[in-house]
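A structural walkthrough
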Protein chains: 2
Amino acid sequence: MLSVRLDSPVPIGEQILAGIRALIALGSLNPGDELPPVRQLAGDLGVNLNTVARAYRALEADGLVRTARGRGTRVTAATERPTGSPAEVRARLESTLTAAVADMKLAALSRDDATQLIADLLNRYWPDANQKGEPS
Amino acid sequence: MLSVRLDSPVPIGEQILAGIRALIALGSLNPGDELPPVRQLAGDLGVNLNTVARAYRALEADGLVRTARGRGTRVTAATERPTGSPAEVRARLESTLTAAVADMKLAALSRDDATQLIADLLNRYWPDANQKGEPS
DNA sequence: CCCAATAGTATCATACTGTGATACTATGGC
DNA sequence: GCCATAGTATCACAGTATGATACTATTGGG
């Protein structure tokens with residue numbers, strides 16, 4: 001439920017960070033849940049404990065977890081996570097999503113395929129009462 | 001029509017690469033168009049010419065441009081761009097889009113806002129006869 | 001109350017990557 | 001043939017990511 005590719009061009013630490021971010025955002029890790037101790041996760045992934053520790057600190061800087069020496073690291077409640085200003089949030093999202101759209105076009109998807117792919121992902125990870133999709 | 005942030009944590013070269021990729025994918029640069037000479041673009045952006053040259057080579061490795069010493073670099077026809085195997089394309093897209101969905105959830109968007117934002121982007125960058133949106 | 005176990009932190013070393021300075025080679029027009 | 005143009009190669013350097021190791025804080029059992 002979290003893996004890293006040591007040979008990837010994207011740094012291991014960032015993979016860990018992004019992976020845990022996604023686990024929290026998409027609901028595999030819930031508020032109050034405890035993250036594995038840095039040594040354990042580091043051992044499981046085959047990386048240095050500092051690499052994991054740094055990822056935890058980045059998550060804490062984002063307000064996604066709260067960490068305390070000797071007691072571990074746990075996921076914060078969604079309500080206590082600061083979000084940036086709406087303008088900068090929107091700007092960041094736009095550039096991320098624009099890149100995603102570019103990727104889809106370069107992958108030679110049809111627009112319908114793209115729409116479908118997105119709809120599937122939203123249904124899978126962001127279930128909504130008004131939608132008929134079932135979360136995995 | 002292409003800018004870089006020198007102080008960004010994402011490397012300048014990657015910004016250039018991603019920027020040009022997007023310009024090509026989204027139609028601001030069309031097949032046959034010539035990219036600016038490395039020295040010119042480097043000067044405009046205030047970076048070293050090698051940084052631009054490396055981005056150009058990465059684009060060429062992706063098949064998005066063709067480059068020739070002394071003659072410049074131009075955008076290839078879409079038909080001569082290799083796409084990876086459907087499986088790996090889909091895998092790459094899924095991970096990109098999943099991260100984007102995670103970002104949107106963390107930004108505390110409502111699902112409706114997210115859907116709308118995506119629809120807007122698709123209409124803007126991927127006009128389609130069956131859609132009523134107008135490209136910018 | 002102390003000690004051991006647990007869990008995150010600090011410091012330092014090192015390899016790698018990104019960027020830049022500079023010199024080189026290929027192409028095309030006059 | 002020469003010159004301007006345009007990409008390439010080589011080397012140096014700085015910053016970043018990762019790792020080795022030692023340290024500090026918290027908790028619970030005896």
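Notes on the structure follow.

About the cut-offs
- Residues numbered from 1 in each chain as written.
- Chains lettered and ligands numbered in written order.
- Predicted model: local features only at pLDDT ≥ 70, side-chain atom pairs only at ≥ 80, totals over all residues.
- Heavy atoms only, no water.
- Helix = DSSP H or I, 4+ residues; strand = E, 2+ residues; numbered from the N terminus.
- Buried < 20%, exposed > 50% of the residue type's maximum accessible area, 1.4 Å probe, protein only.
- Contact = heavy atoms within 4.5 Å.
- Buried area = accessible area lost by both parts, 1.4 Å probe.
- Salt bridge = Lys/Arg side-chain N within 4 Å of Asp/Glu carboxyl O.
- Near = heavy atom within 4 Å.
- Polar contact = N/O pair within 3.5 Å; in protein donor to acceptor, adjacent residues only side chain to side chain.
- 1 Å grid on protein atoms, 1.4 Å probe; cavity = no way out; pocket = protein on both sides within 12 Å on 5 of 7 lines; lining within 4 Å.
- Points joined across faces, edges and corners; volume = space filled by probe spheres on them.
- Nonpolar A, V, L, I, M, F, W, Y, C, P; charged D, E, K, R; others polar.
- Core = buried A, V, L, I, M, F, W, Y, C linked by side-chain atoms within 4.5 Å.

Here we look at the overall build of chain A
On a plain count of helices and strands, chain A comes out with five helices and two strands. Going from the N terminus to the C terminus, chain A shows its helices and strands as α-α-α-β-β-α-α. The dimensions of chain A, computed from C-alpha atoms along their principal axes, are 50 × 35 × 30 Å. Expressed as a percentage of the 136 residues in chain A, the buried residues total 35%. Within chain A, counting contacts between residues at least 6 apart in sequence, those at least 24 apart form 46% of the total.

Topic: the interface of chain A and chain B
Listed by partner, the interface residues are 39 residues for chain A and 39 residues for chain B. Here chain A and chain B share an interface that buries about 4,100 Å² over both sides, 72% of which is from carbon and sulfur atoms. The three residues of chain A that bury the most area against chain B are L106, R111 and W126 of chain A, which together make up 22% of that side's buried surface. Across the chain A-chain B interface, the total number found is four salt bridges.

Observations concerning the pattern of salt bridges
Per the stated rule, a full pass over the model turns up 10 salt bridges over all chains. With a shortest N-O distance of 2.6 Å, E34 of chain A and R74 of chain A are connected by a salt bridge. Residue E34 of chain A is located in the loop between α1 (12–25) and α2 (38–45), and its partner R74 of chain A is located in strand β2 (residues 72–75); the two are separated by 40 residues in the primary sequence. Taking the relative accessible area as the measure of exposure, E34 of chain A reaches 40% and is therefore partly exposed. As a salt-bridge pair, R124 of chain B and E94 of chain A come within 3.5 Å of each other at their nearest N and O atoms. Taken together, the residues R124 of chain B in helix α5 (residues 111–125) and E94 of chain A in helix α4 (residues 86–106) connect one chain to another. R124 of chain B gets classed as partly exposed once you look at its relative accessible area, which sits at 30%. When its relative accessible area of 23% is taken as the criterion, E94 of chain A is described as partly exposed.

Focus on the protein's contact with DNA strand C
Looking at DNA strand C, there are 25 residues lining it, with R39 of chain A together with I12, N48, N50 and R71 of chain B nearest. In DNA strand C, atoms within 4 Å of the protein come 62% from sugar and phosphate. Within the backbone of I12 of chain B, an N or O atom sits 2.3 Å from a phosphate oxygen of DNA strand C. Within the contact set of DNA strand C, a sugar or linking oxygen lies 3.1 Å away from a side-chain nitrogen or oxygen of R69 of chain B. When residues of the surface near DNA strand C are traced back to their parent elements, those giving at least two are α2, α3 (49–61), β1 (65–68) and β2 of chain A together with α1 (12–25) and α3 (49–61) of chain B.

Quick notes on empty space enclosed by the protein
Scanning the model with the defined rule gives one cavity of 30 Å³ or more in all. When grouped by side-chain class, the residues that make up the lining of the largest cavity number 12 nonpolar, no polar and no charged.

Considerations on the nonpolar core
If you look at the biggest cluster of nonpolar residues, it comprises 54 residues, and the most contacted ones within it are I16, I20, L35, M104 and L109 of chain A together with M104 and L109 of chain B. Only α1, α2, α3, α4 and α5 (111–125) of chain A together with α1, α4 (86–106) and α5 of chain B provide two or more residues apiece to this core. Per-element accounting of this core gives the leading share, eight residues, to α4 of chain B. If sequence neighbours within four positions are ignored, M104 of chain A has contacts with L109, A114 and I118 of chain A together with L93, L97 and W126 of chain B. With 18 residues, the next largest nonpolar core counts I16, I20, L45 and L59 of chain B among its residues.

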